[in-house]
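The lines below spell out each chain.
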Amino acid sequence: MVGLNALSKLFRKTIGPRIEALGLLPQRYYLHRALDALEKDDIDEAVRMVTLAGNDKKDARWRLVCQQVIFRCRVLASQHEKQLDRFETEMEIFGKPIELSDTYLRLQKAEERARDILRSYEMTLFNQLNGRKSDPVTAE
Amino acid sequence: MDRKLSIPGGLTGALVGLAAELALEEITGMEIVNGLLAVIGAGFGLIRIDRRIYEATVNLLKRVPVEANSDYRDVLEQIDEMSLELPELRESFVKLVQAGIEAQKA
């Protein structure tokens, strides 16, 4: 039992990711991994797994998981949007203190960037859902 | 054939197994039991994919942020807006809401 597990661990740490990236594993495997990633809000991984799962066939299960990831992207993007609105309202009401202006600016940029990344993920999956080609998204 | 169970034998076997596992973990740095559980979990996940998709749908709704001053209509409106052009997911949400209403009636 221990030997089998050690072998599977070894597989997952060595050639596993390469085989996974080739998209040769069953679609259910990728969907399962996408749902795991979605649960952890690891959107980059969820998008990657949904993309790999949809290489061969885009059946009802794939469509639903894909839409779940899009939905989550929209929810998270709207949270960042609200945070941006909050910053702007606070700056309008209280003014922009000089000592905090840099911090505000950095936070604002971070929120904008997070929102934009989520929107591009959403667009990537939306294009796949509708059978359109799109450039892969990479989070820096 | 007459087989006798030996409790000391069983305990010794368990102890040896545990020692072997700990030794292997120390040498290789691999978490054997956790790894095994992960593999079993992934196996069950493959079989139970429909159930997992259903649970993920419920989870998605649970994780929609609700602000303190918003009522259920605001939340519904938000869900409606977020699920635009996602027909299958929208249908799943409707079914979940209907099931919830039915459960409340019962």
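The structure we're discussing is the one just above.
Residues numbered from 1 in each chain as written. Chains lettered and ligands numbered in written order. Predicted model: local features only at pLDDT ≥ 70, side-chain atom pairs only at ≥ 80, totals over all residues.

Caption draft 1: A look at the packing of helix 3 (residues 27-39) of chain A against helix 5 (residues 60-94) of chain A. Residues and elements named next belong to chain A. At a minimum axis separation of 11 Å, helix 3 and helix 5 run at an interaxial angle of 20°. What the angle tells us is that helix 3 and helix 5 run roughly parallel. For helix 3 against helix 5, the interelement crossing comes out left-handed. Residues Gln 27, Leu 31, Ala 34, Leu 35 and Leu 38 of helix 3 lie in contact with helix 5, whose contacting residues are Arg 61, Trp 62, Val 65, Gln 68, Val 69 and Arg 72. For the contact of helix 3 with helix 5, the per-class residue count stands at seven nonpolar, two polar and two charged. (Axes fitted to C-alpha atoms, helices over the stretch in contact; angles between N-to-C directions. Helix = DSSP H or I, 4+ residues; strand = E, 2+ residues; numbered from the N terminus. Parallel < 35°, antiparallel > 145°, perpendicular 65-115°, else oblique. Left-handed = near helix turned anticlockwise from the far one by under 90°. Contact = placed C-beta atoms within 7 Å. Nonpolar A, V, L, I, M, F, W, Y, C, P; charged D, E, K, R; others polar.)

Caption draft 2: Structural detail: the packing of helix 5 of chain A against helix 5 (residues 87-105) of chain B. Close contact between helix 5 of chain A and helix 5 of chain B brings their axes to 8 Å; oriented N to C, the two are set at 85°. Taken as axis vectors, helix 5 of chain A and helix 5 of chain B run roughly perpendicular relative to one another. In contact with Ala60(A), Arg63(A), Leu64(A), Gln67(A), Gln68(A) and Phe71(A) of helix 5 of chain A, helix 5 of chain B contributes Glu88(B), Leu89(B) and Ser92(B). Here the residues of the contact of helix 5 of chain A with helix 5 of chain B are counted per class, giving four nonpolar, three polar and two charged.

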